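Close look at the chain arrangement
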Amino acid sequence: MEPGDTARPGPWRAVRALPPRLLLLPLLPLLLGRGLRAGAAASSAGAAAEDSSAMEELATEKEAEESHRQDSVSLLTFILLLTLTILTIWLFKHRRVRFLHETGLAMIYGLIVGVILRYGTPATSGRDKSLSCTQEDRAFSTLLVNVSGKFFEYTLKGEISPGKVNSVEQNDMLRKVTFDPEVFFNILLPPIIFHAGYSLKKRHFFRNLGSILAYAFLGTAVSCFIIGNLMYGVVKLMKIVGQLSDKFYYTDCLFFGAIISATDPVTVLAIFNELHADVDLYALLFGESVLNDAVAIVLSSSIVAYQPAGLNTHAFDAAAFFKSVGIFLGIFSGSFTMGAVTGVVTALVTKFTKLHCFPLLETALFFLMSWSTFLLAEACGFTGVVAVLFCGITQAHYTYNNLSVESRSRTKQLFEVLHFLAENFIFSYMGLALFTFQKHVFSPVFIIGAFVAIFLGRAAHIYPLSFFLNLGRRHKIGWNFQHMMMFSGLRGAMAFALAIRDTASYARQMMFTTTLLIVFFTVWIIGGGTTPMLSWLNIRVGVDPDQDPPPNNDSFQVLQGDGPDSVGGNRTKQESAWIFRLWYSFDHNYLKPTLTHSGPPLTTTLPAWCGLLARCLTSPQVYDNQEPLREEDSDFILTEGDLTLTYGDSTVTANGSSGSHTASTSLEGGRRTKSSSEEVLERDLGMGDQKVSSRGTPLVFPLQENA
C-alpha cells in the first residue's frame, strides 16, 4: 500500500491493480449485445425502407398501367362511336332518311355514351388534396412538389370556383375522355378547313365572289356586334335579378358574339349536295361558311387583344379599338399570305422535281406541306384556320395540276376521309361533353337570350346585306334564297372549338355551355327541317352542278349582254366578280405557266428581255402539248373582248374582227349580222357548243339565235 491510500474493500483494490484494458472485459458482453441490437434495428429499418420503396414503385407501375388501359378504353370508345355512326349513316342512306343528318346522329350517340360514363362508372380516385399557397399571387403552369424527399411534377388544368372545390370529379375515366382543347385546333380542325378549300368549286364560288365576301366579312362583323350588345343587355338583366355569380364584362359579350357568329351549315349543305339543290344557293352558303369561320376566329383574337389604357381594362378606348382593328387586318392578311406562299412553294416543288414518278412520296409531301401550314401560322402568331384555308385553295388551283393522276385521286380521297372522321369525331365529342365536362354553368336567362340574339343577328346579317347587294347585281338574290340562308345559319364545329379553347373563367364556362346547347338545337331542329324548307320555299332540286341555270330565273347569275334588250340573242357568259376578272388575266398569263404545266408559254407573254427567265420557268410539257390544258374557271371569267372563235383557218373574235375569212358580230341592241363564213360555221356545227380559244385555252361557249 502506498502512502496516502485509504483502506478499501479487497475486490476493488484487486480491480484497480489490473491493467486498464482488462477493465473492459466484464463490459464486453453488454456492449456487444447493445451493438448487435443496434445493428439489427438499423438493418430492419433499412429493409423496411427498401420494402416501402419497392411497394411504391410497384404501385406507380400499376397506376401507369391502369392509366394506359384507361387511355386505350377512351380512344376505343370514340372509335366505336364513329363505327356505329358510319353503320347508321349507311342505314339512313339506304332507307333515304333525311330528317336527321350524320352529325346529329353522332351527337346522339355521344350523349348516350356520356350518360353511361357519367352515371354508370364508379369513382376510382380519392387521393385529391387541397394545398394552400397563400404567398403566391398567380397560378403556375408547372409545380414541383416535394413529398417526403421525392419531387413530383404537376401541371395546371384550369381554375376551379370556390364553391366547387369539394365537388371535383373523382372519376378517372371521365377525366380521360376530356380532351385537351389543343387537340381540336392542331389535329382535328386542319383537315376540315383544308378540305373546304381544296374541294372548293371555283366556277360557282367566283361567280358569286362579291356577295360571298360581303356576307363573310361585313355580315360576320355586324352579327358579332349585334349579338354582343344584346348579350350585354342580358348580362345586365341577370345582374339585376341576382343570377350572375361572377364577373361578366362587355368584352366577354363581344367575344361570345364572335365565336357564335361562326356558321357551319354542314347538315344543310350535305342535304343540298344529296338533292342537287340550286348551285348558286349552295355556293353562297358554302362560301360564306368557309370564309366566315376564318373571319370569326380572327375577330375573336382581336377582341381578346383589346387592352385599353388605364385602370379599367374593359372600358371603351378609341386607341385600343383601332389597335384591335389593325390586329385583325394584320392577322388575316399575314395568315392569308402564309397559306398562299406555302401553296406556291408546294406547286414549285412538284413542278420542278420528278416526284410524280413516285406517287406515294408525292402524296406524303403534299399532305405534310398542307398540314404544316396550320402549325406554322400558329407558331408565328397568326391564325392557322385562315392559312390552311387559303393553302387549300392555292393547292387546288396550282399544285393539283402538277400531281400525277394517282396522287390527285389519293389527295382528294385522303382529305375527304380525314374531313369526315374529324368532323364526326367532334360532333360525337360534343354529345359526350354535355355530361363529362366538369365546368358547366347553366343559366336559363343567358341561354334564352343567346337564342334570341342569334336569330336577330342572323336576320340583320342576311336581309339588309342582300338588299344592298341586289342594288348592284344584275340578277337578284331572291327572297326564297334569303329565307333559306337565314334558316341555314347553323352553328357547329368551329363555334364549339373556339368556345372550348378557354374555359378558365366563369364567363367562358357559361359561354361554352350555351354554345353546346345552341349547336344541339341548330343541328337537330334546323338541320332536320332542311328538306321541308326547300319544298316550302320552292327552291329547285335535281340540278346538274355543271349546267348553267336558265336565263329566265332571276335567282341565277347569267348575263346575256350589255344591253337591256339583249335577251337570248347574244353570246351568253357567266357573271363573275369584276375583281376576279381583273386578276384572271395576270394569273392565266404569268402565274399558271410559272407554277404549273398549263397555260401559254412564258416566252410568249413575258417581254423579250426576260427570255432566259421565261425559258427556265416554262415547263417542257407546255411545248409538247398540242392542246393546252383546259381551265375549269375560264369559261365564265373572260370578257367578250378576250374571246376568239376558231374554226379551221377562220378566226372570229367577239368584237367582230376576223382572220382569213370575213366574219363580224354585232352585240348592240340584240341585232346580229352574219357573213357567209359565219353561216358556214353555224351550219357545220349545228348551232351547238362552239370551241372557243382564249390565248391558247380551249373553252366551251354557246351561241344562241334570237327568237
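Remember, predicted model here, so these are calculated numbers, not experimental data. Along each chain, numbering runs from 1 in the same order as the chain's sequence is written. In keeping with the model being predicted, local features are shown solely for residues with a pLDDT of at least 70 and side-chain atom pairs are shown and tallied solely at 80 or more, while totals for entire chains, interfaces and linings include all residues. Side-chain calculation: all heavy atoms of the structure are included, whereas hydrogens and water are not.

Concerning the overall build of the protein
Condition: Strands are runs of DSSP state E lasting at least 2 residues, helices are runs of H or I lasting at least 4, and numbering of each runs from the N terminus. Classification of residues uses two cut-offs on accessible area relative to the type maximum, computed with a 1.4 Å probe and protein chains only: under 20% is buried, over 50% is exposed, and between them is partly exposed. Here, residues are in contact when the closest pair of their heavy atoms is within 4.5 Å. All accessible-area figures derive from a Shrake-Rupley calculation using a 1.4 Å probe, and residue coverage is judged against the displayed protein chains alone.
When you go through the protein residue by residue, the secondary structure sums to 24 helices and eight strands. When each of the 707 residues of the protein is scored for burial, the buried share is 46%. At a minimum sequence separation of 6, the contacts of the protein that also span at least 24 residues come to 76%. About 36,300 Å² of surface is accessible on the protein, with carbon and sulfur atoms providing 63% of the total.

Comments concerning unusual backbone geometry
With a phi close to 55°, H276 is a non-glycine residue in the positive phi region. Looking at the secondary structure, you find H276 in the loop between α9 (266-275) and α10 (279-304). Although it is not a glycine, N538 sits at a positive phi angle of roughly 55°. Within the secondary structure, N538 sits in the loop between α19 (530-536) and β3 (558-559). Look at N538 and you get exposed, because its relative accessible area is 63%.

Topic: the packing of helix α11 (residues 318-352) against helix α12 (residues 359-379)
Operational definition: A fitted line through C-alpha atoms serves as each axis, taken over the contacting stretch for helices, and the angle formed by two N-to-C directions is quoted from 0 to 180°. An angle below 35 degrees is treated as roughly parallel, one above 145 as roughly antiparallel, one from 65 to 115 as roughly perpendicular, and anything else as oblique. The hand of a helix crossing depends on one turn: near helix anticlockwise from the far one by less than a right angle means left-handed, and clockwise means right-handed. Classification used: nonpolar for Ala, Val, Leu, Ile, Met, Phe, Trp, Tyr, Cys and Pro, charged for Asp, Glu, Lys and Arg, polar for all others including Gly.
Axis separation between α11 and α12 bottoms out at 10 Å; the angle between their running directions is 160°. It follows that α11 is roughly antiparallel to α12 by the angle criterion. Crossing hand, α11 versus α12: right-handed. Packed against α11, whose contacting residues are M338, G339, T342, V345, T346 and V349, the element α12 presents L365, F366, M369, T373, L376 and A377 at the interface. The class makeup of the residues in the contact of α11 with α12 is eight nonpolar, four polar and no charged.

What about the environment of T399?
Condition: By the criterion applied in these results, polar contacts are pairs of N or O atoms within 3.5 Å in which, for protein atoms, one can donate a hydrogen and the other can accept it, and in which residues neighboring in sequence qualify only through two side-chain atoms.
Here T399 lies in helix α13 (residues 384-402). The class for T399 is buried, based on a relative accessible area of 0%. Distance in space between the C-alpha atoms of T399 and H597 is 9.8 Å, their sequence separation being 198 residues. A polar contact is formed between the side chain of T399 and the side chain of Q395, at a distance of 2.5 Å.

Side note on the nonpolar core
This is how the line gets drawn: The definition of a nonpolar core used throughout is a set of buried Ala, Val, Leu, Ile, Met, Phe, Trp, Tyr and Cys residues joined through side-chain atoms within 4.5 Å.
With 129 residues, the main nonpolar core has M231, F256, F272, M484 and F496 as its most contacted residues. When residues in this core are grouped by element, the largest group, 13 residues, is from α10. If we skip the residues at most four places from it in the chain, F256 touches I227, M231, F446, A450, M511, T514, T515 and I518.

Regarding the confidence of the model for the protein
What counts, and what does not: What pLDDT conveys is the predictor's confidence in a given residue, as a value from 0 to 100.
When pLDDT is averaged along the protein, the result is 76, and 69% of the positions lie at 70 or above. Across residues 626-707, where pLDDT falls below 50, the model places 162 contacts with residues more than four positions away in sequence or in other chains.

Focus on the packing of helix α5 (residues 181-198) against helix α14 (residues 405-436)
In the contact formed by α5 and α14, the axes pass within 8 Å of each other and the chain directions differ by 130°. Judged on the interaxial angle alone, α14 and α5 are oblique. When you trace α5 past α14, the crossing you get is left-handed. Residue-level contacts link F184, L188, P191, I192, F194, H195 and Y198 of α5 to T411, K412, F415, E416, L418, H419, A422, E423, F425, I426 and Y429 of α14. The residue inventory of the contact of α5 with α14, partitioned by class, reads 12 nonpolar, three polar and three charged.

Describing the side chain of T522
Looking at the secondary structure, you find T522 in helix α18 (residues 506-528). With relative accessibility at 6%, the residue T522 sits in the buried group. Polar side-chain contacts of T522 include one of 3.1 Å to the backbone oxygen of V519.

Notes on the pattern of salt bridges
To keep it simple, the criterion reads: A side-chain nitrogen of Lys or Arg and a carboxyl oxygen of Asp or Glu constitute a salt bridge if their distance falls within 4 Å.
Counted according to the given criterion, the structure contains seven salt bridges. Linking E288 and R458 is a salt bridge whose minimum nitrogen-to-oxygen distance equals 2.9 Å. Here E288, found in helix α10, pairs with R458, found in helix α15 (residues 444-472); they are 170 residues apart in sequence, far enough to count as distant. For the pair formed by E288 and R458, the shared burial category is buried. Beyond isolated ion pairs, a larger network of salt bridges with shared partners links E182, E378 and R501.

Side note on the environment of F451
Mapped onto the elements of the fold, F451 is located in helix α15. Between the C-alpha atoms of F451 and T515, which are 64 residues apart in sequence, the distance is 9.9 Å. Here F451 is in contact with L517, I518 and F521, once residues within four sequence places are set aside.

Some points on a nonpolar patch on the surface
Condition: Patch membership is restricted to residues that have no salt bridge and whose relative accessible area is over 30%. Joining uses 9 Å for like charges and 5 Å for the nonpolar side chains Val, Leu, Ile, Met, Phe, Trp and Tyr.
Judged by side-chain polarity, F225, F321, F322, V325 and L329 come together as a nonpolar surface patch covering roughly 470 Å² of accessible area. No other element matches the four residues that α11 contributes to the nonpolar patch. Mapping F322 onto the fold places it in helix α11. Of the residues examined, F322 reaches a relative accessible area of 60% and is grouped as exposed.

Comments concerning the pairing of strand β2 (residues 150-155)
The following threshold applies: Paired strands are those between which DSSP finds at least two bridges.
The element β2 is barely covered by neighbouring structure, given that only zero of its six residues are classed as buried. Pairing analysis gives six bridges linking strand β1 (residues 142-147) to β2, with the strands arranged antiparallel. From the neighbouring strand, L143 faces β2, where its bridge partner is Y154. Between the end of β1 and the start of β2, which pair antiparallel, lie two residues, with S148 showing a positive phi angle near 55°.

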